[in-house]
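Overview (structure and organization)
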Amino acid sequence: MPRISGSQPGDGVQAVVFALQILEYLAQRRSTVGVTDLARVFGTTKSRIYRHLQTLMSAGYVIQETETERYRTGGRLIALGRVVSENFELMSAARTVMEELRDRLGHAVTLSEVELAGLRVLSTIAGTQPFEIGVKPGSLLPAHATAQGKLLLAFGPEAPREKLLRKTLPANTPHTVTNPATLRDELKQVKKQGWAIAPSQAVVGVNALAAPIFDATGGLVGTVAIIDLMQFMPARPTAEQIRRIVEAGRRISANIGYRGPS
């Protein structure tokens, strides 16, 4: 989603543009915002900000908290976002990027989506090798034993991650990380670097390299991954493999409205 732009806020069209800019800012915040903060961010007066907020409140797009008198997005904006999201499938946003990634590197490419049960595979594009390596669409990926699942643990909500790390982690293979402390350290690194691997951890001899996909609010909605035998994708991926998968994740994220950290 491109950033809404326009000249200095005023009447007519520019007033609409400015109201949309305020909504964008509120939607990206994880906390409420005051009139003074908004005036400073947009370089305008508090009275102008207040006037626009009152208009947005009357339409149900913004709510003012009674105790703090600060503002946040309202239910009508949330409902509108859901309608738009339902009409814009992640697969449509990712298809071209996935095909280009496969053509450039030759590996199978997998797209997964975050859901309540975990991370589910939406689509897989076969690699260019004569033999096929991939994950079946519809599969629910183990969070601790796959590159995609580690992204969910690293970038997803804290509560499910902590709940998982308190459990006994099953060993899919002799190489699966089952020690919670070791996995926790790995997840910190995953979040720092922006990609994850899982060499021989789900299936012996197979490796995956994955990058996160974020939506317009900055929330994790899915992952894109390349999968292949370890002779073609070693435990330490090449610089090009890392660069390509991170780029793919960023492009797909941009296609669904993500603009990067605010």
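On a predicted model such as this, the values are computed, not experimentally measured, just so you know. (Residues numbered from 1 in each chain as written. Predicted model: local features only at pLDDT ≥ 70, side-chain atom pairs only at ≥ 80, totals over all residues. Heavy atoms only, no water.)

Considering the sheet that holds strand β4 (residues 118-125)
An order of β5-β4-β3-β8-β7-β6 is seen for the six strands of this open sheet, with the pairing classed as antiparallel. The open sheet has two edge strands with one neighbour each: β5 (140-141) and β6 (196-197). Summarising the sheet, strand β3 (residues 108-115) and strand β8 (residues 220-229) pair through six bridges and their orientation is antiparallel. Across the sheet, Ser112 pairs through a bridge with Thr223, a residue of β8. The strands touched by helix α5 (residues 90-105) within the sheet are β3, β4, β7 (206-214) and β8, with β3 carrying the most contacts at an inclination of about 150°. (Pairing = 2+ DSSP bridges. Helix = DSSP H or I, 4+ residues; strand = E, 2+ residues; numbered from the N terminus. Contact = heavy atoms within 4.5 Å. Axes fitted to C-alpha atoms, helices over the stretch in contact; angles between N-to-C directions.)

Thoughts on the domain arrangement of the protein chain
Domain parsing of the protein chain yields domain 1 (14-85) and domain 2 (88-256). Placing the centre of domain 1 and that of domain 2 at their C-alpha centroids yields a distance of 35 Å. (Domains from an automatic or database assignment.)

What to know about the environment of Gln231
Of note, Gln231 is situated in the loop between β8 and α9 (239-255). Gln231 gets classed as exposed once you look at its relative accessible area, which sits at 64%. Linking Gln231 and Thr168, residues 63 residues apart in sequence, is a C-alpha distance of 31 Å. (Buried < 20%, exposed > 50% of the residue type's maximum accessible area, 1.4 Å probe, protein only.)

Description of the packing of aromatic side chains
Counted according to the given criterion, the structure contains four aromatic pairs. Ring plane angle 85° and centroid distance 5.3 Å describe the contact between Phe18 and Phe42, whose orientation is recorded as edge-to-face. Taken together, the residues Phe18 in helix α1 (residues 13-28) and Phe42 in helix α2 (residues 35-42) connect sequence positions 24 residues apart. We classify Phe18 as buried; its relative accessible area is 2%. Accessibility expressed as a relative area gives 22% for Phe42, which makes it partly exposed. Consider the rings of Tyr25 and Phe42, whose centres lie 6.0 Å apart with planes at 70°: the pair is edge-to-face. With Tyr25 in helix α1 and Phe42 in helix α2, this residue pair connects regions lying 17 residues apart in the sequence. (Phe/Tyr/Trp six-rings, centres within 6.5 Å; stacked < 30°, edge-to-face > 60°.)

What about unusual backbone geometry?
Residue Glu69 is not a glycine yet carries a positive backbone phi of 60°. Structurally, Glu69 can be placed in the loop between β1 (62-64) and β2 (71-73). A positive phi angle, near 60°, is found at Ser200, a position not held by glycine.

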